[in-house]
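If you want the building blocks of each chain, they are given just below.
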Amino acid sequence: MSEQILNILCSSKKIERDGGVVHLHKMLSSNDPEERICLETRIIQMLTDSDDTPWETKQGCLLGSKEIIQRVDLNNERESEFISKITDISRKLLTDIEVRVRLESGEVFGALCQKIGPTVYEEEKDFVLNLILVNLERQVCVDDSSRIEQIESEKLFEKLVGNGQRRNSADAAQIFHDTAGWKNLETSLKCLQAMVLGCGTSFQPYVNQELLNLLFRTTMHTNRFVRETGFYVFSALVKCGNTEKGKELDTMCDTNPIFVFGHEFSQHLALGLADNWSQVRLAASDATRHFLLALPSSQARETFYPQLLPQMCLNRYYIAEGVRIYSQETWRQVMGSHGRSMVQRYIAPTVTYYTTATQSDNHAVREAACACIAELASKIDQSAVRPFVQVLLDTLLTCFQDDSWPVRDAACLACGHFILCFSEESTHSMEALYPLFFANLGDPISSVRQGAAASLGNVVRAYGHPALQIVLEQAKTYLGAVKDQLAETDKYTQDSCEGQARFGVIKRQRDNDMELHTDQQMYSCGSLAPKMGRGGGCSNHKFNRPSQPWEKADGCVYLLGELSSIPEASKEVLKLLPLLANACQYQHYPQHVVLLETVCKQLPSLAKHLGVRAFKAYLDLFLDPVFRSIESENALTSSAASQCLNQLSSLIGPNILRARVNSYNPRYLDRLDANIFIAPF
């Protein structure tokens, strides 16, 4: 039976190897000594017979060894011999050519540490740590392989920055080193991680400056995979820290190695939490959570908040979902109900970090920073934020002119929050902000238009009638310009400044030319814009195209919906309804269905906020656009119109709505009846 299980463990198919582990576990649980002796002998034999043993066989034997190690009797001489042999073999396989074999060898060392204790680490640390040390730097040989590496580097560089950019061999090499594999370094770090986890709290005496200096080099390594693995080793180290609750701080400072080296830990964790690669941020977030939770009291944690709290706070808004969700859960576990008070207490380093983050080359970081700045305005005590309002507003003004539309959108929303909360301090910035708000109101991206409408609503709430008049004048201009919309618009208009499309990832020719999909510029996650720098003037955005008149009118529909919820603006909004209805009559351009969809979505909100009685006077103006939308071939427009009728029926009353429709155009009754849902009694 042992031979049969071993054959499954060494199968060429992973699913069978995994199943072999389950069968082996069942066999070892039966406590049949003869079967186990036979299995141990065959594993050692298969791992030592030949140097050309298939990697699947090596990995399968190591998988079996981990199961056996958990059940060995260390007092038994024969089993002690097996432990000695498998240790020697695993040490050799740590430098195997196959990465999966190297990883499994590290797991075997972890199992040995768990079974035997830290003596395994004492015996093997020189070899493992030296293996990490010698692989920290890439050895470049002057031969054909170095030429191949140079060619691969240049290809990768062209994909990342575009073929139109000037090639720089140093930049190309840096990109290659940051993304390519790094010999045995990662797997050696994984081995160290497994050994630390295997030792548990018994590893505390081995956390010394020499070990940490080596790990610090990995967390600052040029290769992102090495940095990621280095932080996971950090996470394993801090898990072995003292977690006794209620221990005196003075005593803890002397006995807990995590606190002894805490400031060095937090310094490198802060860098990892701000890393440009999401995977590294996630690894650093994992290490940070365990680092803070390993400390026995909130007093001990607070020592490190000036370095870690701003980064932890920003990552709650980071665009990568794994980082964002993990950081939000860390915030709940570490801060509890004291998050706001902690941010308020350390507001100065938080503001400093946020403003620095808006200068990052990673647009996702800039977007998250803008969201965090908005949070400061809306959630933190105004007396704490007020000294920094000018700095934050200046920062947002820069972000408002960013190349990336998600950053502009986040900055727009943040400015709206600041104006509402700090209207007096924001007054002098309004001259620069109004043009930016109106530019976003006509942006080609729908969500940006909605954000601009919400922010302009906050402007009116903050400054009242003077601001309302400025906003309404712009709305009249935008709504009236729909008549000038060209019948044929090019969705893929090239930018006049740099010859690039507003959304390059969307721009595709109608044919399927393979050259369009081969060795092309790479794009970053979370944005339709390529990886790009920050900055650029309002009229000099590299990825921008002029707004279409219908887009400006569409933004005004959202704006009217926002203004209708402001009591002092409701009468002025009513006066603009005829102009809005008139804009809906133009059907000469393809995108008119999008404008109709927005109108159908906003009409129920307008009726609710303006008052049903006042709105009914203008209802007939919108019946043609709504029923025309129902017949649209665009499913979204048709669905929005159907929902609009149902909501208006609930607000006005089904009988009243039916009577108004019948009076206006009896031919619409059939379509009204087909789309109104009447709940059963």
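Residues numbered from 1 in each chain as written. Predicted model: local features only at pLDDT ≥ 70, side-chain atom pairs only at ≥ 80, totals over all residues. Heavy atoms only, no water.

**So, the overall build of the chain**
Quick reminder of the rule: Counting from the N terminus, the helices are the DSSP runs of H or I reaching at least four residues and the strands are the DSSP runs of E reaching at least two. For every residue, the accessible area obtained with a 1.4 Å probe (protein chains only) is divided by the maximum for its type, and the residue is called buried under 20%, exposed over 50%, and partly exposed between those limits. Contacts were defined at the residue level, with two residues in contact if any of their heavy atoms lie within 4.5 Å. Surface exposure here means Shrake-Rupley accessible area, sampled with a 1.4 Å probe, where a residue is shielded only by the protein chains that are shown.
In terms of regular secondary structure, the chain is built from 37 helices and zero strands. Within the span of the chain, comprising 681 residues, buried residues form 52% of the whole. Put simply, of all contacts in the chain between residues at least 6 apart along the chain, 73% involve residues at least 24 apart. If you sum the accessible surface of the chain, you get close to 31200 Å²; carbon and sulfur atoms cover 51% of it.

**What about the pattern of salt bridges?**
To keep things clear, this is the line we draw: Take a side-chain nitrogen of Lys or Arg and a carboxyl oxygen of Asp or Glu: if they are within 4 Å of each other, that pair is a salt bridge.
Tallying each qualifying case throughout the model produces 26 salt bridges. For the salt bridge of Arg78 with Glu40, the shortest nitrogen-to-oxygen distance reads 2.4 Å. Pair noted here: Arg78 is in helix 5 (residues 77-93) and Glu40 is in helix 3 (residues 33-48), with a separation of 38 residues, a long-range link. On the basis of relative accessible area, Arg78 is assigned to the partly exposed category, the value being 30%. The class of Glu40 is buried, set by a relative accessible area of 2%. Put simply, Arg408 and Asp443 hold a salt bridge, and the shortest N to O gap is 3.5 Å. Residue Arg408 is found in helix 25 (residues 405-421), and its partner Asp443 is found in the loop between helix 27 (430-441) and helix 28 (446-463); the two are separated by 35 residues along the sequence. Residues participating in the shared-partner salt-bridge network are Glu40, Arg78 and Glu79.

**Quick notes on the environment of Leu197**
Turning to its location among the elements, Leu197 is positioned in helix 10 (residues 185-199). Overall, the relative accessible area of 43% leaves Leu197 in the partly exposed class. Between the alpha carbons of Leu197 and Gly110 there is a distance of 7.0 Å; along the sequence they are 87 residues apart. Ignoring sequence-local partners within four residues, the contact set of Leu197 consists of Ala236 and Lys239.

**Some points on the environment of Glu633**
Here Glu633 is to be found in the loop between helix 34 (619-630) and helix 35 (635-652). Separated by 40 residues in the primary sequence, Glu633 and Val593 have C-alpha atoms spaced 9.1 Å apart.

**Structural notes on empty space enclosed by the protein**
Selection rule: The pocket and cavity definitions rest on a 1 Å grid over protein atoms only: a 1.4 Å probe that fits but cannot leave marks a cavity, an open set with protein on both sides within 12 Å along at least five of seven lines marks a pocket, and residues lining either have an atom within 4 Å of a point. Grid points are joined across faces, edges and corners, and a volume is the space filled by probe spheres set on the points. Three classes are used: nonpolar for Ala, Val, Leu, Ile, Met, Phe, Trp, Tyr, Cys and Pro, charged for Asp, Glu, Lys and Arg, and polar for all others, with Gly counted as polar.
As enumerated under the stated definition, the model contains one cavity of 30 Å³ or more in all. A volume near 60 Å³ is recorded for the largest cavity. Around the largest cavity sit Leu273, Ser285, Thr288, Met312, Asn315, Ser327, Thr330 and Trp331, which together line it. Counting only elements with at least two residues in the lining of the largest cavity, the list comes to helix 16 (278-294), helix 18 (305-315) and helix 19 (321-335). Ranked by the residues each element gives to the lining of the largest cavity, the list is headed by helix 19, at three residues. Looking at the lining of the largest cavity residue by residue, the class counts come to three nonpolar, five polar and no charged.

**A closer look at helix 3**
Note that an α-helix has 3.6 residues per turn; residues three or four places apart therefore point the same way. To be explicit about the condition: Here the expected span of a helix is defined as 1.5 Å times the quantity of residues minus one. Each direction from the helix axis to a C-beta atom contributes to the arc, which is the arc of those directions.
Over its 16 residues, helix 3 runs 23 Å from end to end, which matches the ideal 22 Å to within 8%, given 1.5 Å per residue. For helix 3, every residue scored as buried is listed here: Glu35, Arg36, Leu39, Glu40, Ile43, Ile44, Met46 and Leu47. Buried residues of helix 3 fall within an arc of 165° about the axis and therefore sit on the same side.

**Describing the packing of aromatic side chains**
To be explicit about the condition: What counts as a ring pair is set by centres within 6.5 Å for rings of Phe, Tyr and Trp (its six-membered ring), and what kind of pair is set by the plane angle: stacked under 30 degrees, edge-to-face over 60, tilted for all other angles. As a reminder, the over-ring test applies to NZ of lysine and CZ of arginine, requiring each to be within 6 Å of the ring centre and within 35 degrees of the ring normal.
Counted by the stated rule, this structure contains 14 aromatic pairs. Here the aromatic rings of Phe234 and Phe265 are separated by 4.9 Å at their centres, their planes lie at 55°, and the arrangement is tilted. Placement of Phe234 in helix 12 (residues 224-239) and of Phe265 in helix 15 (residues 262-273) is noted, with a sequence separation of 31 residues between them. Here Phe234 and Phe265 have matching classes, each one buried. Through a chain of ring-to-ring contacts, the aromatic side chains of Phe216, Phe231, Phe234, Phe265, Phe291 and Phe304 assemble into a single cluster. Positioned over the ring face of Trp55 is Arg100, at 4.0 Å from the centre of the ring. Geometry around Tyr326 places Arg289 over its ring, the cationic atom sitting 3.7 Å from the centre.

**Here's the deal with helix 28**
Over its 18 residues, helix 28 extends 26 Å from the first C-alpha to the last, a length consistent with the 26 Å expected when each residue adds 1.5 Å. Inspection of helix 28 places Val448, Arg449, Gly451, Ala452, Ala453, Ser455, Leu456, Gly457, Asn458, Val459 and Val460 among the buried residues, and these make up the whole buried set. Phi turns positive, to about 70°, at Gly464, one or two residues after helix 28.

**A word on the nonpolar core**
We count it as follows: By convention a nonpolar core is built from buried Ala, Val, Leu, Ile, Met, Phe, Trp, Tyr and Cys residues, the set being connected through side-chain atoms within 4.5 Å.
By size, the foremost hydrophobic cluster in this structure holds 193 residues, and its most contacted members are Leu192, Phe203, Phe418, Phe437 and Leu563. Broken down by element, the residue count for this core peaks at 10 residues, all from helix 22 (residues 363-379). In this structure Phe418 touches Ile373, Ala377, Val385, Val389, Leu392, Leu393, Leu396, Ser423 and Ser426, once residues within four positions along its chain are discounted.

**Details of the confidence of the model for the chain**
Note the threshold: Each residue carries a pLDDT value, the predictor's own confidence for that position, ranging from 0 to 100.
In the predicted model, the chain carries a mean pLDDT of 83, and 82% of its residues have values of at least 70. The model gives residues 140-154 a pLDDT under 50, and that stretch makes 12 contacts with residues more than four places away or in other chains.

**Digging into the side chain of His221**
The condition is simple: Think of a polar contact as two N or O atoms within 3.5 Å of one another; within protein, one of them needs to be a possible hydrogen donor and the other a possible acceptor, and neighboring residues in sequence only count if both atoms come from side chains.
Note on placement: His221 falls in the loop between helix 11 (209-219) and helix 12. For His221, a relative accessible area of 7% puts it in the buried group. For His221, the side chain forms a polar contact with the main-chain oxygen of Leu136, separated by 2.7 Å.

**Concerning the side chain of Asn362**
Among the structural elements, Asn362 can be located in the loop between helix 21 (347-357) and helix 22. On the basis of relative accessibility, which here comes to 12%, the residue Asn362 falls in the buried class. Looking at Asn362, its side chain comes within polar contact range of the main-chain nitrogen of Ala364, at 2.9 Å. Beyond its immediate chain neighbours, meaning those up to four positions away, Asn362 contacts Asn276 and Tyr318.

**Some points on the packing of helix 34 against helix 35**
Our working rule: Only the contacting stretch of a helix is used when fitting its axis, a line to C-alpha atoms as for every element, and angles between N-to-C directions run 0 to 180 degrees. Working rule for angles: under 35 degrees goes down as roughly parallel, over 145 as roughly antiparallel, 65 to 115 as roughly perpendicular, anything else as oblique. Note on convention: the crossing is left-handed when the near helix lies turned anticlockwise from the far helix by less than a right angle, right-handed when the turn is clockwise.
Contact geometry for helix 34 and helix 35: axes closest at 7 Å, N-to-C directions at 140°. On the basis of their axis angle, the class for helix 34 and helix 35 is oblique. The two elements helix 34 and helix 35 cross, and the hand of that crossing is left-handed. Across from Leu619, Val626, Phe627, Ser629 and Ile630 in helix 34, the residues of helix 35 making contact are Thr637, Ser638, Ala641, Ser642, Cys644, Leu645, Leu648 and Ile652. Residues of the contact of helix 34 with helix 35, tallied by class, amount to nine nonpolar, four polar and no charged.

**With respect to the environment of Asp409**
Mapping Asp409 onto the fold places it in helix 25. Discounting chain neighbours no more than four positions away, the residues touching Asp409 are Asn440, Ser447, Val448 and Gly451.

**Quick notes on the packing of helix 1 (residues 2-9) against helix 3**
Between helix 1 and helix 3, the least distance of the axes is 9 Å, while the angle of their chain directions is 40°. Classed by the angle they form, the pair helix 1 and helix 3 counts as oblique. In the crossing of helix 1 with helix 3, the sense of the turn from one axis to the other is right-handed. Listed contacts from helix 3 to Ser2, Glu3 and Leu6 of helix 1 are Glu35, Cys38, Leu39, Arg42, Ile43 and Met46. Here the contact of helix 1 with helix 3 is built from residues that sort into five nonpolar, one polar and three charged.

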